[in-house]
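Residue strings, one per chain:
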Amino acid sequence: MSGGRPGLARRLAGPQNRNLWFWVFVGPFVLGLFVFTYVPLGWSVYLSFFDAHNTVSPTEFVGLDNYTAMLRNDAFTDSLWTFAVFTAFIVPTTFVLSLSLALMVNRLRRAQAFFRSVFFLPAACSYVVAALIWKMSIFNGVRFGLANTVLGWFGADQTAWLSTTDPPWYWLVIVTVRLWLQAGFYMVLFLAGLQRISPTLYEAAAVDGARPGWQVLRHITLPQLRATSVAVALLLVINAFQAFDEFYNLLSDARGYPPYARPPLVYLYYTALGQGQNLGLGSAGAVLLALIIAVVTVGQARWFGLGRSDEKGA
Amino acid sequence: MHDAWVRVGRALRLALLIALALLFLVPFYLLVRNGLAAEEDITSPDWTFFPSTLHFSNVTELFRDSTVPMARSLLNSALIAVLTTLGTLLLASLAGYGLARIPYRYANHVFYAILATLMVPAAVTFVPSFVLVSSLGWVSTLRGLIVPTLFSAFACFVFRQYFLGFPRELEDAARVDGLGYWRTYWRVVVPNTRPVFAAVGTIVFIGAWNSFLWPLVIGQDREAWTVQVALASFTTSQVIRLHELFVAAAVSILPLLVVFLFFQRWIVAGVERSGIDD
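Quantities reported herein were computed from a predicted structural model and do not represent experimental measurements. (Residues numbered from 1 in each chain as written. Chains lettered and ligands numbered in written order. Predicted model: local features only at pLDDT ≥ 70, side-chain atom pairs only at ≥ 80, totals over all residues. Heavy atoms only, no water.)

*Asks:* Sorry if this is basic, but what is going on with the overall build of chain B here?
*Replies:* Helix and strand counts for chain B come out as 14 helices and zero strands. Along chain B, helices and strands appear, N-terminal first, in the series α-α-α-α-α-α-α-α-α-α-α-α-α-α. For 278 residues, the compact-globule estimate of 2.2 N^0.38 gives 19 Å, and the C-alpha radius of gyration of chain B, at 24 Å, exceeds that figure by more than 25%. Referenced to the eigenvectors of the C-alpha coordinate spread, the extents of chain B come out at roughly 75 × 75 × 35 Å. (Helix = DSSP H or I, 4+ residues; strand = E, 2+ residues; numbered from the N terminus. Rg over C-alpha atoms; globule rule 2.2 N^0.38 Å.)

In structure tokens:
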């Protein structure tokens, strides 16, 4: 634009080398993300059209065979069903518990930091450790265990929590682990949202004669918490999709993994890296799972109208 | 009359909170109780709140047991958690700053490409990532355990939002003094935004220490086990020495509890300022 022909290098570097500096700052991160997220995704899609047993290099092109095999595979579709049931349990219960904790802690005048810490503390625990406490101490079935001991005081029979499938008591074990570990984290998100609600709104409501309690909660607090609630619901669903650690640690033992309560990731883990090492089939399952997650997440975001107010708070 | 109801309501709420708080602390209590008890006290059908005797020697027994790579796995976990935290802070903060502050025509496109990876739960890519890492020959190496986890879109997002809210005046003053982007970043921005580094660092450290699926997939040799994988191998093995298992679990969360209690308020502050609920 100015006189003379700026060389290609100069043009790429931009005014005051800004483009260059942008890539100095952002480049390493983007490169890593490309190599370790985009490339694996692409490779996975590629691999899913091939036969690849015990090897990471594809041997024979099989088209959509891996996909049809996966979709016809009862173990895989059952795992999707397990996941759906798990989500149906965990998302509403965590949501309600963490919101209730936040509402109660927020109204405390003293010891707020203490209660916040206590409920948040499990977030420092790993699923491996939590699963150990649940499996070996609280819900241990026959010989010992806190749950059976306490229930025994009331004359209840002993329950083999993790191996009872009818009724499916193992869900109680799986859901309570996650509730304990995660509720505090989401409580903190809700607390942050609650503390941003202007006190004048509550004063106005009081002037208008709204009774404290349910009316104020329904007409002031919950609508003001909408943005936080949407974020929490999205995070809960995404995290439920990642469920692996507690299922693996609670249910598998030296004899293997029981056929029930296998979420998709556990199933894929055994397919791709277990005995068969069937990476082609595993990749097809991973791609299917990624597609389902994308559809659900985008659908949920659209439903809640997320993205419209993007950048607003920035 | 009305006042009385309010007071009753407050008392009920406090009672409920105390009950819930105790319930939340029970698992921690069990961890310590079983870790310091004799095996018979854990498996006894007549469960008691306090074990009959306390065995502090369980800790030394754990580290002397040659069948359990406890010291090695703790060292691996510590190395992985520290290096992952430092690497993530460096890479994500630089990227977040560039995205927030350096004008570039395609900056938003780059940002959306980064955000999109948040939609792909990391766990779904474990099959292809394993394929990639094993073809690089990185299975059972620290590189394989650390490098692929360094690029956290979440951390980058938090840094970008935070830097966008950072007052421009300070940077402008630095520019007037003739500092470029690089020196402005290191001399002005980083020293003035330490809380967000502490918040993201703590979250990343806890995540790295606790992560399980990736170390399970990549750390195939015993030498490369993290403490989580070592614990899990305990719980799924046939012969279990329960008191040892519990004391190992207690030891494994000790470093985290220290970090956690020390940095807790930064985590809360980080969440409040991350824009995650805006």
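*Asks:* Would you take a moment to explain the side chain of A:S126 for this structure?
*Replies:* Here A:S126 lies in the loop between α5 (112-120) and α6 (127-138). Once you skip the residues sitting within four places of it in the chain, A:S126 turns out to touch A:L181, B:N210 and B:Q228. (Contact = heavy atoms within 4.5 Å.)

*Asks:* Can you walk me through unusual backbone geometry in this structure?
*Replies:* Negative phi characterises most residues that are not glycine, and trans characterises most peptide bonds. Its identity is not glycine, yet A:A261 carries a phi of approximately 55°, on the positive side. Take A:A261: its relative accessible area is 4%, and that puts it in the buried class. (Buried < 20%, exposed > 50% of the residue type's maximum accessible area, 1.4 Å probe, protein only.)

*Asks:* I would appreciate a short explanation of the packing of aromatic side chains in the present structure.
*Replies:* For any pair of aromatic rings, geometry is given as the distance between the ring centres together with the angle between the planes. The full count for this structure, using the stated rule, is 52 aromatic pairs over all chains. Ring geometry for A:F25 versus B:Y185: centroids 5.6 Å apart, planes at 85°, classification edge-to-face. Residue A:F25 is found in helix α2 (residues 18-47), and its partner B:Y185 is found in helix α10 (residues 181-192); the two belong to separate chains. Between the aromatic rings of A:F120 and B:F260, the centroid separation amounts to 5.2 Å while the plane-to-plane angle is 55°, which identifies the pairing as tilted. Within this pair, whereas A:F120 is found in helix α5, its partner B:F260 is found in helix α14 (residues 242-273), the two belonging to separate chains. With respect to class, A:F120 is no different from B:F260; both count as buried. (Phe/Tyr/Trp six-rings, centres within 6.5 Å; stacked < 30°, edge-to-face > 60°.)

*Asks:* Sorry if this is basic, but what is going on with a nonpolar patch on the surface here?
*Replies:* A surface patch of nonpolar side chains, about 440 Å² in accessible area, is lined by A:L20, A:V24, B:L90, B:W182 and B:W186. Topologically, B:L90 is positioned in helix α4 (residues 70-101). Given the relative accessible area of 40%, B:L90 is considered partly exposed. (Patch = residues over 30% accessible without salt bridge, like charges linked within 9 Å, V, L, I, M, F, W, Y side chains within 5 Å. Areas by Shrake-Rupley, 256 points an atom, 1.4 Å probe, with all protein chains shown as cover. Salt bridge = Lys/Arg side-chain N within 4 Å of Asp/Glu carboxyl O.)

*Asks:* Would you take a moment to explain a positive patch on the surface for this structure?
*Replies:* Taken together, A:R107, A:R109, A:R110, B:R7 and B:R10 make up a surface patch of like positive charges. Structurally, the position occupied by B:R7 is in helix α1 (residues 2-35). (Lys, Arg positive; Asp, Glu negative; His and termini not counted. Charge placed at Lys NZ, Arg CZ, Asp CG, Glu CD.)

*Asks:* Help me understand the pattern of salt bridges, please; the structure alone is not making it clear to me.
*Replies:* One side chain can pair with another of opposite charge once the charged atoms of both are near each other. A complete count under the given rule lists three salt bridges over all chains for this structure. Where A:E246 meets A:R178, a salt bridge forms, and the shortest distance between an N and an O atom there is 2.7 Å. With A:E246 in helix α12 (residues 245-251) and A:R178 in helix α8 (residues 170-194), this residue pair connects regions lying 68 residues apart in the sequence. Here B:E171 and B:R101 are joined by a salt bridge, their closest N and O atoms 2.9 Å apart. In this pair, B:E171 is assigned in helix α9 (residues 168-176) and B:R101 in helix α4, connecting sequence segments 70 residues apart. Across the pair, exposure class does not vary: B:E171 and B:R101 are buried alike.

*Asks:* How should the interface of chain A and chain B be read in this particular structure?
*Replies:* How big an interface is tends to be reported as the loss of accessible area on association of its parts. Each partner contributes to the interface: chain A provides 95 residues, whereas chain B provides 100 residues. Our count for the chain A to chain B interface comes out at zero salt bridges. Applying the counting rule to chain A against chain B returns eight residue pairs in polar contact (both at pLDDT 80 or more). The element that contributes the greatest number of residues to the side of chain A that touches chain B is α2(A), accounting for 23 residues. Residue classes in the side of chain A that touches chain B are distributed as 66 nonpolar, 18 polar and eleven charged. (Polar contact = N/O pair within 3.5 Å; in protein donor to acceptor, adjacent residues only side chain to side chain. Nonpolar A, V, L, I, M, F, W, Y, C, P; charged D, E, K, R; others polar.)

*Asks:* Explain the side chain of A:K135 to me, please; I cannot follow it from the model alone.
*Replies:* Among the structural elements, A:K135 can be located in helix α6. The buried category is assigned to A:K135, whose relative accessible area is 12%. At a separation of 3.4 Å, a polar atom in the side chain of A:K135 contacts the main-chain carbonyl oxygen of A:N249. Within the local environment of A:K135, its side chain forms a polar contact with the backbone oxygen of A:S252, the two atoms lying 3.1 Å apart. With near-sequence residues (within four places) excluded, A:K135 lies in contact with A:N140, A:L162, A:N249, A:L250, A:S252, A:D253 and B:T235.

*Asks:* Could you clarify how one ought to interpret the environment of A:V150 in this entry?
*Replies:* Residue and element names in this part refer to chain A. Secondary-structure assignment places V150 in helix α7 (residues 146-153). Among the residues examined, V150 registers a relative accessible area of 29% and is labelled partly exposed. On a C-alpha basis, the gap between V150 and I138 in space is 9.9 Å, while along the polypeptide they are twelve residues apart.

*Asks:* Would you mind going over the packing of α4(B) against α10(B) with me for this structure?
*Replies:* When two helices pack together, their arrangement is given by the angle between their axes and by how far apart the axes lie. All names here are of chain B. Put simply, α4 and α10 touch, their axes get as near as 12 Å, and they point 115° apart. Taken together, the axes of α4 and α10 are roughly perpendicular relative to one another. Both α4 and α10 take part in a crossing whose hand is right-handed. Along its contact with α4, which presents L90, S93, L94, Y97 and R101, the element α10 presents Y181, W182, T184, Y185, W186 and V189. (Axes fitted to C-alpha atoms, helices over the stretch in contact; angles between N-to-C directions. Parallel < 35°, antiparallel > 145°, perpendicular 65-115°, else oblique. Left-handed = near helix turned anticlockwise from the far one by under 90°.)

*Asks:* What should I look at first to understand the environment of A:F304 in this one?
*Replies:* Residue and element names in this part refer to chain A. Tracing the sequence through the fold places F304 in helix α14 (residues 279-304). Residues F304 and A233, spaced 71 residues apart in sequence, show a C-alpha to C-alpha distance of 9.8 Å. Setting aside chain neighbours within four positions, we find F304 in contact with R226, V230 and A233.

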